[in-house]
Amino acid sequence: QQPVQSPQAVILREGEDAVINCSSSKALYSVHWYRQKHGEAPVFLMILLKGGEQKGHDKISASFNEKKQQSSLYLTASQLSYSGTYFCGTDRQGGSEKLVFGKGTKLTVNP
Amino acid sequence: DAGITQSPRHKVTETGTPVTLRCHQTENHRYMYWYRQDPGHGLRLIHYSYGVKDTDKGEVSDGYSVSRSKTEDFLLTLESATSSQTSVYFCAIHRDRGNGYTFGSGTRLTVV
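Residues numbered from 1 in each chain as written. Chains lettered and ligands numbered in written order. Predicted model: local features only at pLDDT ≥ 70, side-chain atom pairs only at ≥ 80, totals over all residues. Heavy atoms only, no water.

## A short note on the sheet that holds strand β7 (residues 64–70) of chain B
Strand-to-strand pairing in sheets goes through backbone hydrogen bonds, with the strands running parallel or antiparallel. All names here are of chain B. Spatially, the 4 strands line up as an open sheet ordered β1-β3-β8-β7, and their pairing is antiparallel. Looking at which strands have only one partner, the edges of the open sheet turn out to be β1 (4–7) and β7. Taken over all neighbouring pairs, the strand axes of this sheet differ in orientation by 20° on average, direction set aside. Two elements, strand β3 (residues 19–25) and strand β8 (residues 73–78), share 6 bridges in a ladder whose sense is antiparallel. From the neighbouring strand, Thr-20 faces β8, where its bridge partner is Thr-77. (Pairing = 2+ DSSP bridges. Helix = DSSP H or I, 4+ residues; strand = E, 2+ residues; numbered from the N terminus. Axes fitted to C-alpha atoms, helices over the stretch in contact; angles between N-to-C directions.)

Encoded structure:
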């Protein structure tokens, strides 16, 4: 079952922060986050494997609440290069190694 | 680079014709996937493979078949193309459950 992402779209000014949420109705083994720029392939950002885990690099981080089956992606002090569509992909606990992706969140960062 | 290539990059075909898309990897990964991407739907899994001759269906597999006779190649075939199969098709490779997917550059398919 497809995870639900929110919001569907967000517009920021450079330097502002954003949070993108991803929730599933199924117990999860992992959550992946990807960014896709227009006309390009999705690019892997990070994977979260454990409940309550938080990861990050640079100004992009994410958390995973295994009990709530939710993950959030945090973008702080956004840069123009952060623009794109962000997808979460979920891998069910006990399931095969295949990701089900959300419909995406379109992020636009303006100067 | 990631070591995954898709061919062709663009294709226009007529309704009712068979079409085969190719995904080639140079990294010897066990897992390979075919997704389609359509506006408003995100990425939807068509078929995937967990080894040579080992494949399984995804959520939108009707009208598609796959084959994997070698580790490096994963072929997607549209048996009789329809306009609803106009889409961008992405192949992906995956080393193991602790790592992310690497996507190919995509194939834009138009069925007229």
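What follows picks up the thread again.
## Let's talk about the nonpolar core
Residue and element names in this part refer to chain A. Within the largest apolar cluster, 21 residues are counted, with the highest numbers of intra-cluster contacts made by Trp-33, Met-46, Leu-73, Leu-75, Tyr-82, Tyr-86 and Leu-107. Elements supplying a minimum of two residues to this core: β2 (9–13), β3 (18–23), β4 (28–36), β5 (43–48), β7 (60–65), β8 (70–75), β9 (84–92) and β11 (105–110). The contact partners of Leu-73, leaving out residues within four places of it in the chain, are Ala-18, Val-19, Ile-20, Trp-33, Leu-45, Met-46, Ile-60, Ser-61, Ala-62 and Tyr-86. (Core = buried A, V, L, I, M, F, W, Y, C linked by side-chain atoms within 4.5 Å. Buried < 20%, exposed > 50% of the residue type's maximum accessible area, 1.4 Å probe, protein only. Contact = heavy atoms within 4.5 Å.)

## A few points about the side chain of Arg-68 of chain B
Residues and elements named next belong to chain B. Along the chain, Arg-68 falls in strand β7. Salt bridges are absent for the buried Arg-68, whose nearest opposite-charge side chain, Glu-72, sits at 7.3 Å. Within the structure, the side chain of Arg-68 is placed 2.9 Å from the backbone oxygen of His-29, a separation counted as a polar contact. When neighbours within four sequence positions are excluded, Arg-68 is seen to be in contact with Gln-25, His-29, Arg-30, Tyr-31, Met-32, Ser-49, Tyr-50, Gly-51, Val-52, Lys-53, Asp-73 and Phe-74. (Lys, Arg positive; Asp, Glu negative; His and termini not counted. Salt bridge = Lys/Arg side-chain N within 4 Å of Asp/Glu carboxyl O. Polar contact = N/O pair within 3.5 Å; in protein donor to acceptor, adjacent residues only side chain to side chain.)

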